[in-house]
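# Coordinate inspection notes
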Amino acid sequence: MRIQIIFSLLWTVFFSLHEAKETTIRYQHSGIVGGSPTSDTLTIDSVPIGWSDRRNNGFLSINTECQGLFRMTLRMITRSFNHTTTNNHTYQRTHECFLEGHRVLRVSDRIHYDGAEYLCLDSAKNTWMAAVPQALALKQQWDRESGCTERHKVLLQNGCTELIEEFSRDKHSAPEASLAIVLIPILIIVVLLCQFMVSFLISRHGSRLAGGVLGSIIHYPQRNVGIKPLKGDPEEHNLAFTPSKGVHSSLLVTPA
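All of the points below concern the structure found in this document. (Residues numbered from 1 in each chain as written. Predicted model: local features only at pLDDT ≥ 70, side-chain atom pairs only at ≥ 80, totals over all residues. Heavy atoms only, no water.)

## What to know about the state of the cysteines
- For the coordinates displayed, the defined rule picks out two disulfides.
- A sulfur-sulfur distance of 1.9 Å marks the disulfide that ties Cys-66 to Cys-148. Residues Cys-66 and Cys-148 are joined through a disulfide that is left-handed, its torsion about the S-S bond being -95 degrees. Taken together, the positions of Cys-66 in the loop between α2 (53-64) and α3 (67-80) and Cys-148 in helix α5 (residues 146-172) put the pair 82 residues apart, joining distant regions of the chain.
- Exposure remark for Cys-148: the relative accessible area of 8% places this residue in the buried category.
- There is a disulfide in this structure between Cys-97 and Cys-160, and the S-S distance comes to 2.2 Å. Residues Cys-97 and Cys-160 are joined by a disulfide whose S-S torsion is about 85 degrees; by sign, that bridge is right-handed. You can see Cys-97 sitting in strand β4 (residues 90-100) and its partner Cys-160 sitting in helix α5, a full 63 residues away along the chain. (Disulfide = S-S within 2.5 Å. Helix = DSSP H or I, 4+ residues; strand = E, 2+ residues; numbered from the N terminus. Buried < 20%, exposed > 50% of the residue type's maximum accessible area, 1.4 Å probe, protein only.)

Here it is as structure tokens:
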């Protein structure tokens with residue numbers, strides 16, 4: 001039973017290494033409204049990823065595409081809150097891809113102002129949703145610019161697919177991952193062989209082992225059972241290990 005449990009656990013671990021799970025890639029561009037500096041961060045499942053030239057070009061192109069529309073967006077946001085100055089206000093645009101394996105399931109696009117969500121994309125309908133009443137005018141503007149929205153989605157999907165493929169190659173090339181993939185099937189085979197050998201030995205020698213234990217109890221009753229007559233007992237001379245049916249009467253214990 002214990003061997004079956006171990007085998008089951010090993011089998012589960014082996015398949016969990018190959019099981020596809022949902023992965024989240026997040027690209028964030030943030031800065032100060034009407035000024036600088038700006039910052040860009042890229043994460044996979046909340047783990048920061050170092051920038052390379054190829055990744056830079058892929059994701060930063062999202063910001064340069066329809067750049068005029070985004071600058072107009074920031075101006076509309078500040079006016080919607082009646083803010084006369086922009087240097088004390090921040091913005092953040094967050095792009096996300098949700099993938100299963102290398103396949104993009106869905107994407108999201110959100111715009112934050114001073115840390116609060118202002119506008120977000122309904123990727124299924126390719127329309128925008130206002131998170132606050134002040135964003136209604138901007139929602140209508142972005143819905144009219146559906147071409148920009150579609151191009152942003154394509155750039156994001158391509159960037160995420162290329163990144164996850166590159167990340168998967170690096171992950172599978174790691175010696176620890178390769179060693180685990182090789183050793184786990186070998187370990188499963190060894191456990192199966194051990195289980196077969198134990199079952200074979202039990203089926204072949206099990207009755208003999210049981211007979212040996214029973215025989216030792218029958219031949220050495222006083223040592224194993226611990227029966228000792230009490231002093232002065234009238235039955236002292238007759239008290240003995242009572243044999244069961246089929247056991248020879250010579251097994252009776254005779255006091256010295």
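## Regarding the pattern of salt bridges
- Under the counting rule described, the total for this entry stands at seven salt bridges.
- Salt-bridge contacts for Glu-96 lead to Arg-26; the nearest nitrogen and oxygen are separated by 2.6 Å. Of this pair, Glu-96 sits in strand β4 while Arg-26 sits in strand β1 (residues 22-32), placing them 70 residues apart in sequence.
- Of the residues examined, Arg-26 reaches a relative accessible area of 30% and is grouped as partly exposed.
- Residue Arg-151 is joined to Glu-65 by a salt bridge in which the shortest nitrogen-to-oxygen separation is 2.5 Å. Of this pair, Arg-151 sits in helix α5 while Glu-65 sits in the loop between α2 and α3, and the two are 86 residues apart along the sequence.
- Look at Arg-151 and you get partly exposed, because its relative accessible area is 39%.
- On the basis of relative accessibility, which here comes to 25%, the residue Glu-65 falls in the partly exposed class. (Salt bridge = Lys/Arg side-chain N within 4 Å of Asp/Glu carboxyl O.)

## Notes on the sheet that holds β1
- Strand order in the open sheet formed by seven strands is β3-β2-β1-β4-β5-β6-β7, with antiparallel pairing between adjacent strands. The open sheet has two edge strands with one neighbour each: β3 (47-48) and β7 (127-130).
- Of the strand pairs in this sheet, β4 and strand β5 (residues 103-113) are connected by 10 bridges, and their pairing is antiparallel. Of the residues in β5, the one forming a bridge with Gln-92 is His-112. (Pairing = 2+ DSSP bridges.)

## Describing the layout of surface pockets
- Its boundaries defined by the atoms lining it, the second largest pocket holds a volume of some 190 Å³.
- If you trace the second largest pocket, you find it lined by His-29, Ile-62, Asn-63, Glu-65, Cys-66, Gln-67, Phe-70, Arg-71, Leu-74, Tyr-91, Arg-93 and His-152.
- Contributing elements (two or more residues each) for the lining of the second largest pocket: α2, α3 and β4.
- Top contributing element to the lining of the second largest pocket by residue count: α3, with four residues.
- For the lining of the second largest pocket, a count of residues per class yields five nonpolar, four polar and three charged. (1 Å grid on protein atoms, 1.4 Å probe; cavity = no way out; pocket = protein on both sides within 12 Å on 5 of 7 lines; lining within 4 Å. Points joined across faces, edges and corners; volume = space filled by probe spheres on them. Nonpolar A, V, L, I, M, F, W, Y, C, P; charged D, E, K, R; others polar.)

## Considerations on a nonpolar patch on the surface
- On the surface, Phe-196, Met-197, Phe-200 and Leu-201 cluster together to form a nonpolar patch covering roughly 450 Å² of accessible area.
- Assignment of secondary structure puts Met-197 in helix α6 (residues 175-219).
- We classify Met-197 as exposed; its relative accessible area is 51%. (Patch = residues over 30% accessible without salt bridge, like charges linked within 9 Å, V, L, I, M, F, W, Y side chains within 5 Å. Areas by Shrake-Rupley, 256 points an atom, 1.4 Å probe, with all protein chains shown as cover.)

## Let's talk about the side chain of Ser-108
- Among the structural elements, Ser-108 can be located in strand β5.
- Under the relative-accessibility criterion, Ser-108 is labelled buried at 13%.
- Excluding its chain neighbours within four sequence positions, the residues that come into contact with Ser-108 are Thr-94, His-95, Glu-96, Phe-98 and Leu-156. (Contact = heavy atoms within 4.5 Å.)

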